[in-house]
Amino acid sequence: MSKVFELWNTVGGAFGPSGREDAVREAIAAVAGEYIDEITTDALGNLICRKKGTGKKLLFAAHMDSIGVVATWIDDKGFIRFSQVGGLFKGDLINIVVRFANGTRGVISYEEKTPFKDLTMDNLFIDIGAKDKADAEKYVQVGDFAVFEAPRFEQNGVLCGPYLDNRIGCVTLLMMMEQLAQAETENDLYFVFTVQEEVGLRGAGAASFAVEPDVAIAVDVTDTGDLPERKSPMAVDMGKGPAIKVMDRSVICTPAVCEALERAAAACGVATQREILVCGGTDTAALQKARAGVQAGAVSIPTRYVHSPSEMCAVGDVEGAAKLLARFAAD
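Computed from a prediction, not measured in an experiment: that's the story for all the values here.

**Concerning the overall build of the chain**
Then, in step 1: In terms of helices and strands, the chain carries eight helices and 17 strands.
Then, in step 2: Computed over its C-alpha atoms, the radius of gyration of the chain comes to 20 Å, within 12% of the 20 Å expected for a compact globule of 331 residues.
Then, in step 3: Of all 331 residues assigned to the chain, the portion counted as buried reaches 56%.
Then, in step 4: Taking all contacts inside the chain whose residues are at least 6 apart in sequence as the whole, residues at least 24 apart take part in 75%.
Then, in step 5: Summing over all exposed atoms, the chain offers an accessible surface of approximately 14,200 Å²; the carbon and sulfur share of this is 50%.

So this is what it looks like as structure tokens:
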């Protein structure tokens, strides 16, 4: 298996829905400590790793939280109603397994008398096999969070499983840090693993405000346009290199930063694509708006089936992203 898969297996398996990122933070810190000078955690829970320098202050961010669900009510028969944490699509949820922090597993199902086309989140429930409400409450309480439970695997140069969004961005930063550990650079480098991106980019804004970087780069996943009969054309394919973001619904990236990222990629022989994401956004927007404003850009990993339990990306795209970012940071 690749180094990318090994790192993803380490951080991807940690429980970490938005607002509950502690286990992910611990897993990342255990790896990052070997490569940087200092590690701190702020009041929101962002993990801030610094490689000290006297030159420009560069911030690289990847969010470590994931989407999930939260228990809102348990009925008399022990079935659990839930609300979403971050963006969910009902078509991805039917008959999938979720796991609560204490290890309890359940299956999401739906009220079958409701026509499938008319289903909303209100028609879904989690079945943990409980006998009744009292039995269910031994394992799950209202307010408990759960995440997707599905296998992670590597096959033919492709990764598949839950929460590539955005644990694969975290892996990219860790690989970048390893490449820079012995590199000569005057720049003051901050690697920030942010919290609560999926519920409003909350951690990135606080981190950028505190660090006051000269330049900020977000690393996240992006959609692809390479699936059959894709209704929204998009010039990003899985396996054709990392994507350099031009804009999305939340941000227009700084042109000079985009150009510098493309130069860094060319200098180290990494093929890239240009990304315009018509729906959604990333931490880039929050990084850009901190204090009086920050020059900002983003590097994205092309990923299929985003926000499902079976996301998919290419190992080579991750390796290329880490390589070009390390070159960008060093230059």
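**Regarding the packing of helix α4 (residues 164-180) against helix α8 (residues 315-330)**
Then, in step 1: Running from N to C, α4 and α8 point in directions that differ by 50 degrees, and their axes come no closer than 8 Å. On the basis of the axis angle, α4 is oblique to α8. In terms of crossing hand, the pair formed by α4 and α8 is right-handed. Along the contact surface, α4 presents Ile168, Val171, Thr172, Met175, Met176, Gln179 and Leu180, while α8 presents Val318, Glu319, Ala321, Ala322, Lys323, Leu325, Ala326, Ala329 and Ala330.

**As for the packing of aromatic side chains**
Then, in step 1: For the structure on display, the rule yields six aromatic pairs.
Then, in step 2: Summarising the aromatic geometry, the rings of Phe5 and Trp8 are spaced 6.0 Å apart at their centres and angled 75 degrees between planes, so their arrangement reads as edge-to-face. Of this pair, Phe5 and Trp8 both sit in helix α1 (residues 3-12), three residues apart, which is roughly one turn of the helix. Both residues of the pair, Phe5 and Trp8, belong to the buried class.
Then, in step 3: With centroids separated by 5.4 Å and ring planes inclined at 5 degrees, the aromatic side chains of Phe148 and Tyr163 adopt a geometry described as stacked. Residue Phe148 is located in strand β9 (residues 145-148), and its partner Tyr163 is located in the loop between β11 (158-161) and α4; the two are separated by 15 residues in the primary sequence.
Then, in step 4: Site record: aromatic cluster; members linked through ring pairs are Phe60, Phe191 and Phe328.

**A few points about the packing of α1 against α4**
Then, in step 1: Running from N to C, α1 and α4 point in directions that differ by 125 degrees, and their axes come no closer than 9 Å. The angle between the axes of α1 and α4 places the two elements in the oblique class. In terms of crossing hand, the pair formed by α1 and α4 is right-handed. Residue-level inspection shows Lys3, Val4, Leu7, Trp8, Val11 and Gly12 of α1 in contact with α4, the latter providing Leu164, Arg167, Ile168, Val171, Leu174, Met175 and Glu178.
Then, in step 2: Residue composition of the contact of α1 with α4, grouped by class: nine nonpolar, one polar and three charged.

**Considering the pairing of strand β13 (residues 215-222)**
Then, in step 1: Most of β13 is tucked away, with eight of its eight residues classed as buried.
Then, in step 2: In the sheet, strand β3 (residues 57-63) pairs with β13 via four bridges, with the strands oriented parallel. Of the residues in β13, the one forming a bridge with Phe60 is Ile217.
Then, in step 3: Relative to strand β16 (residues 295-304), β13 runs parallel, the two being bridged by eight bridges. When the bridges of β16 are listed, Ile217 appears paired with Gly297.

**Some points on the side chain of Ser2**
Then, in step 1: Checked against the element boundaries, Ser2 lands in the segment before α1.
Then, in step 2: A polar contact is formed between the side chain of Ser2 and the backbone nitrogen of Phe5, at a distance of 3.1 Å.
Then, in step 3: Residues within four places of Ser2 in sequence aside, it is in contact with Glu154 and Val315.

**Concerning the layout of surface pockets**
Any space left empty among the atoms is revealed by the rolling of a water-sized probe across them.
Then, in step 1: There is about 540 Å³ of room inside the largest pocket.
Then, in step 2: Lining of the largest pocket is provided by 23 residues; of these, Asp223, Leu277, Cys279, Gly280 and Gly281 occupy positions nearest its centre.
Then, in step 3: It is β13 that provides the largest number of residues to the lining of the largest pocket, a total of three residues.
Then, in step 4: A class-by-class count of the residues in the lining of the largest pocket yields nine nonpolar, seven polar and seven charged.
Then, in step 5: Of the volumes computed, that of the second largest pocket is approximately 360 Å³.

**A look at unusual backbone geometry**
Then, in step 1: Asn166 follows Asp165 through a cis peptide bond whose omega is 0 degrees.
Then, in step 2: Positive phi, normally seen in glycine, also occurs at Tyr163, with a value near 65 degrees.
Then, in step 3: Not every positive phi belongs to a glycine, and Arg291 is a case in point at roughly 45 degrees.
Then, in step 4: Locating Arg291 in the fold gives a position in the loop between α7 (284-288) and β16.
Then, in step 5: Judged by relative accessible area, which is 45%, Arg291 ranks as partly exposed.

**A word on the environment of Tyr110**
Then, in step 1: Take Tyr110: it is sitting in strand β7 (residues 105-110).
Then, in step 2: On a C-alpha basis, the gap between Tyr110 and Lys90 in space is 9.9 Å, while along the polypeptide they are 20 residues apart.
Then, in step 3: In contact with Tyr110, other than residues within four places in its own chain, are Ile94, Phe116, Leu119, Asn123, Leu124 and Phe125.

Criteria and cut-off values
Residues numbered from 1 in each chain as written. Predicted model: local features only at pLDDT ≥ 70, side-chain atom pairs only at ≥ 80, totals over all residues. Heavy atoms only, no water. Helix = DSSP H or I, 4+ residues; strand = E, 2+ residues; numbered from the N terminus. Rg over C-alpha atoms; globule rule 2.2 N^0.38 Å. Buried < 20%, exposed > 50% of the residue type's maximum accessible area, 1.4 Å probe, protein only. Contact = heavy atoms within 4.5 Å. Areas by Shrake-Rupley, 256 points an atom, 1.4 Å probe, with all protein chains shown as cover. Axes fitted to C-alpha atoms, helices over the stretch in contact; angles between N-to-C directions. Parallel < 35°, antiparallel > 145°, perpendicular 65-115°, else oblique. Left-handed = near helix turned anticlockwise from the far one by under 90°. Phe/Tyr/Trp six-rings, centres within 6.5 Å; stacked < 30°, edge-to-face > 60°. Nonpolar A, V, L, I, M, F, W, Y, C, P; charged D, E, K, R; others polar. Pairing = 2+ DSSP bridges. Polar contact = N/O pair within 3.5 Å; in protein donor to acceptor, adjacent residues only side chain to side chain. 1 Å grid on protein atoms, 1.4 Å probe; cavity = no way out; pocket = protein on both sides within 12 Å on 5 of 7 lines; lining within 4 Å. Points joined across faces, edges and corners; volume = space filled by probe spheres on them.

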